[in-house]
Amino acid sequence: MKNWLWTVVILSLFTATFFNQLNLNQLPQELIRDGETVVTSDDWSYLGPATNYYKTGVWKNNIPGKIAYFSHTPGYGSLYYCCLLLNENHALLLLKTIQIILFSLSVYCLYHIGFNLLKNELIAFIITVIYGLTPFATGFLYYTLTEGITPALTIFYLYFLTKAFYHQSVKHKNIFFGLAALVFAYLFVTRPVLVVFGLLLPIVIYKSYSKPLKKIILLGAIASSLMVLWQIRNYNIADKYVGIYPIYYADNNSIYRPTLESFWDFNKSWGVEGHVYHSYSLPFWTAAIKGDTSISHIHFIIDNFPKYVVDFYGKDKLTNVFRNYQKAILVQKQYYDKGIPMPEYKIPEEQLVVNQFKALTTEFKNEFWFQYHVISPLKVFKVMAFHSNLSPYLFQVTLRGNIIMEFFRLLFFSLHVLCFLALLLNIICFKWNTDFLNSLFLPTFIYVLFLCYFQRGIEERYTLPLIPILLIALFNIILLSKAFLNQKKCL
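If you're wondering where the values come from, they're calculated on a predicted model, not measured in any experiment.

Some thoughts on unusual backbone geometry
With a phi close to 55°, Lys119 is a non-glycine residue in the positive phi region. Structurally, Lys119 is set in the loop between helix H5 (91-118) and helix H6 (121-133). Positive phi, close to 65°, is recorded for Asp239, a residue that is not glycine. Mapped onto the elements, Asp239 comes out in the loop between helix H10 (213-238) and helix H11 (258-267).

Describing the state of the cysteines
Overall, the coordinates contain zero disulfides when judged by the stated rule. Left unpaired, Cys109 is separated from the closest cysteine sulfur, that of Cys419, by 20 Å. No disulfide involves Cys419; its sulfur sits 15 Å from the nearest other cysteine sulfur, which is in Cys452. Assessed through its relative accessible area of 3%, Cys419 is described here as buried.

Some points on the pattern of salt bridges
A side chain with one charge can pair with a side chain of the opposite charge if their charged atoms come near. All told, the structure shown has 14 salt bridges when counted by the stated rule. Among the salt bridges present, the one from Lys66 reaches Glu344, with a minimum N-O distance of 3.3 Å. Here Lys66 is found in the loop between helix H3 (48-56) and helix H4 (75-86), whereas its partner Glu344 is found in the loop between helix H15 (315-336) and helix H16 (348-367), with 278 residues between them in sequence. What you see here is one network of salt bridges that share partners, running through Asp42, Glu147, Arg191, Glu459 and Arg461.

Thoughts on the layout of surface pockets
Summary: where empty space remains is shown by rolling a probe the size of a single water molecule over the atoms. Of the voids in this model, the second largest pocket is the one considered here, and its volume is about 320 Å³. In terms of lining, the second largest pocket is formed by 16 residues, of which the most central are Pro258, Glu261, Lys346, Gln351 and Val354. Those elements that place two or more of their residues in the lining of the second largest pocket are H11 and H16. Per-element tally for the lining of the second largest pocket: the top contributor is H16, with five residues. Residue classes in the lining of the second largest pocket are distributed as six nonpolar, three polar and seven charged.

So, the nonpolar core
In this structure, Tyr131, Tyr157, Phe177, Leu201, Leu471 and Ile472 are the most contacted members of the largest nonpolar core, which totals 115 residues. Element by element, the count of residues in this core is highest for H5, at twelve residues.

Regarding the packing of aromatic side chains
The full count for this structure, using the stated rule, is 53 aromatic pairs. Pairing Phe322 with Phe357 gives two aromatic rings, centres 5.7 Å apart and planes at 65°, and the pair type is edge-to-face. Here Phe357 lies in helix H16 and Phe322 lies in helix H15, a separation of 35 residues in the sequence. Using a relative accessible area of 0% as the deciding quantity, one classes Phe357 as buried. The ring of Tyr69 carries the charged tip of Lys60 above its face, separated from the ring centre by 5.6 Å. Directly above the aromatic system of Tyr453 lies the positively charged group of Arg456, at a separation of 5.0 Å from the ring centroid.

So, the side chain of Asn252
Residue position: Asn252 is located in the loop between H10 and H11. For Asn252, a relative accessible area of 4% gives the class buried. The residues touching Asn252, leaving out its near neighbours within four places in the chain, are Ile67, Ile247, Arg257 and Met342.

Here we look at empty space enclosed by the protein
For the structure on display, the rule yields two cavities of 30 Å³ or more. Considering only enclosed or pocket space, the largest cavity measures out at about 50 Å³ in volume. Secondary-structure elements contributing two or more residues to the lining of the largest cavity are H5 and helix H7 (150-166). In terms of residue class, the lining of the largest cavity is made up of eight nonpolar, two polar and one charged. Size it by volume and the second largest cavity reaches roughly 40 Å³. What lines the second largest cavity is Phe19, Asn20, Asn23, Pro135, Thr138, Gly139, Pro392 and Phe395. In terms of residue count, helix H1 (residues 2-26) provides more of the lining of the second largest cavity than any other element does, three residues in total. By residue class, the composition of the lining of the second largest cavity is four nonpolar, four polar and no charged.

Some remarks on the packing of helix H12 (residues 274-289) against H15
At a minimum axis distance of 8 Å, the contact between H12 and H15 shows a crossing angle of 55°. As summarised for this structure, H12 and H15 are arranged oblique, according to the angle between their axes. In the packing of H12 onto H15, the handedness of the crossing is right-handed. Across the interface between the two elements, Phe284, Trp285, Ala288 and Ile289 from H12 touch Phe322, Tyr325, Gln326, Ile329, Leu330, Gln332, Lys333 and Tyr336 from H15.

Digging into H4
A rise of 1.5 Å per residue sets the reference length of H4, with its twelve residues, at 16 Å; its end C-alpha atoms lie 17 Å apart and thus fit the reference within 8%. Among all positions of H4, only Gly75, Tyr76, Gly77, Leu79, Tyr80, Cys83 and Leu84 are buried. Of the surrounding elements, those touching the buried residues of H4 are helix H2 (43-46), H3, H5 and helix H8 (170-188).

Focus: the packing of helix H19 (residues 403-428) against helix H20 (residues 436-455)
For any two helices packed against each other, one specifies the inter-axial angle together with the distance between the axes. Interaxial distance between H19 and H20 falls to 10 Å at its minimum, and their mutual angle equals 120°. Considering the angle they form, H19 stands oblique to H20. As for the relative orientation of H19 and H20, their crossing is left-handed in sense. Residue-level contacts link Phe420, Leu423, Leu424, Asn426 and Ile427 of H19 to Phe441, Leu442, Thr444, Phe445 and Val448 of H20. The class makeup of the residues in the contact of H19 with H20 is eight nonpolar, two polar and no charged.

Structural notes on the environment of Ile149
Relative to the assigned elements, Ile149 resides in the loop between H6 and H7. Ile149 sits 200 residues away from Glu349 along the chain, and the two C-alpha atoms are 41 Å apart. Setting aside anything within four residues of it in sequence, one finds Ile149 in contact with Tyr76, Leu79, Gln99, Leu102, Tyr186 and Thr190.

Comments concerning the side chain of Lys96
Considering the arrangement of structural elements, one finds Lys96 in helix H5. Looking at Lys96, the relative accessible area reads 5%, which means it is buried. Leaving out residues up to four positions away in the same chain, Lys96 has contacts with Gln21, Leu24, Glu36, Thr37, Leu141 and Tyr142.

Conventions we followed
Residues numbered from 1 in each chain as written. Predicted model: local features only at pLDDT ≥ 70, side-chain atom pairs only at ≥ 80, totals over all residues. Heavy atoms only, no water. Helix = DSSP H or I, 4+ residues; strand = E, 2+ residues; numbered from the N terminus. Disulfide = S-S within 2.5 Å. Buried < 20%, exposed > 50% of the residue type's maximum accessible area, 1.4 Å probe, protein only. Salt bridge = Lys/Arg side-chain N within 4 Å of Asp/Glu carboxyl O. 1 Å grid on protein atoms, 1.4 Å probe; cavity = no way out; pocket = protein on both sides within 12 Å on 5 of 7 lines; lining within 4 Å. Points joined across faces, edges and corners; volume = space filled by probe spheres on them. Nonpolar A, V, L, I, M, F, W, Y, C, P; charged D, E, K, R; others polar. Core = buried A, V, L, I, M, F, W, Y, C linked by side-chain atoms within 4.5 Å. Phe/Tyr/Trp six-rings, centres within 6.5 Å; stacked < 30°, edge-to-face > 60°. Lys NZ or Arg CZ within 6 Å of the ring centre and 35° of its normal. Contact = heavy atoms within 4.5 Å. Axes fitted to C-alpha atoms, helices over the stretch in contact; angles between N-to-C directions. Parallel < 35°, antiparallel > 145°, perpendicular 65-115°, else oblique. Left-handed = near helix turned anticlockwise from the far one by under 90°. Expected span 1.5 Å × (residues − 1).

Take a look at the structure:
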């Protein structure tokens, strides 16, 4: 199989390009940026700072306030900045080309990860073919989002960890652990929520050396170095620690105010899907910031709430909260119309709304505790796992209804669901031993648990870096089942 590996890698370069270019050709023009990439709502935060730094030497967004300097970590933007340096006129073309190349190289690494962990050449090859030659994991390679590179970065990180773990030479172990720490450092400032996979570094180091403490400290410092430097820089700007993802920073003069954060937390109580929530939260704020505080906007929100929620709180109580929310937005409007940042002190009108939403959330937890702690996270898991992962416009719109397309949609739907169920089975079968494989599934499960219980509002792209791990989890269960059946036959 190894003789065919580079053939698969090269083919993955062409198939990923083919699927994404075909999808781009099907998109309406308003959804395409400069004829090269898919337009996203996050372009301002990922591409904006890099463009400004290229032109002015200042890393910031084009929004008022200190939030402009640190709304998002700089990992992805720094890659775009490099593309601007190389060729300003074709920076987006370079960016998506790099993303395709990184994906293809990750296919090579995935084979070796699968072979080292599962000890089965055929299975490792099958995983590689599924990941590299199908559209199952390539849907965001033409997007200017972190998911264009984070799956590849995750695979590179795991590749160097497995090389370090299974290599006998201490010198080579040191080199591969160093490379793993460097890759993770960049991954951390690209998609901070993937920090959970940083747990693997000390675990694998501990299992690899007789005296691991100094290695853990040194490599841990390398792995966190870029994020530490970013936080120091932010502290110098804001005169305080702003957090890893400070989207609700005090002077943010957009929809992302503390009021929205508490409103969102309340909605997450019953496991509302993100697109449903945005369908009423965004129009509500947009209308109010323009001075339109009509009661119809409040009715629209309440009509979208589950009936048992409305019955429990009563329409009058909910209407009162949203009336206060509109008043808070009108206070913001004074600053918004002038294009200036919000004050950094707490605004009384906003604080009233925040307290009211927090009270509603507390009441929900007390009255519907099983819904909040069990049913809602399971609803999020259903949204997360029960889809085909074939998100491109080509598959969801252009070819929808085509019998061949529907067959592949069902096929990948089944594969995607089985991958997530396999992860749960691997956790049930978890054994804390010297095996790297068991260590790998632990942070993966923690990440899924975080998305389901704490974040709750998810998008399909959030789990894209997990796909290679989930494929390994699925085939590990298949191998375990086969070994169990063989054992029963022997008995």
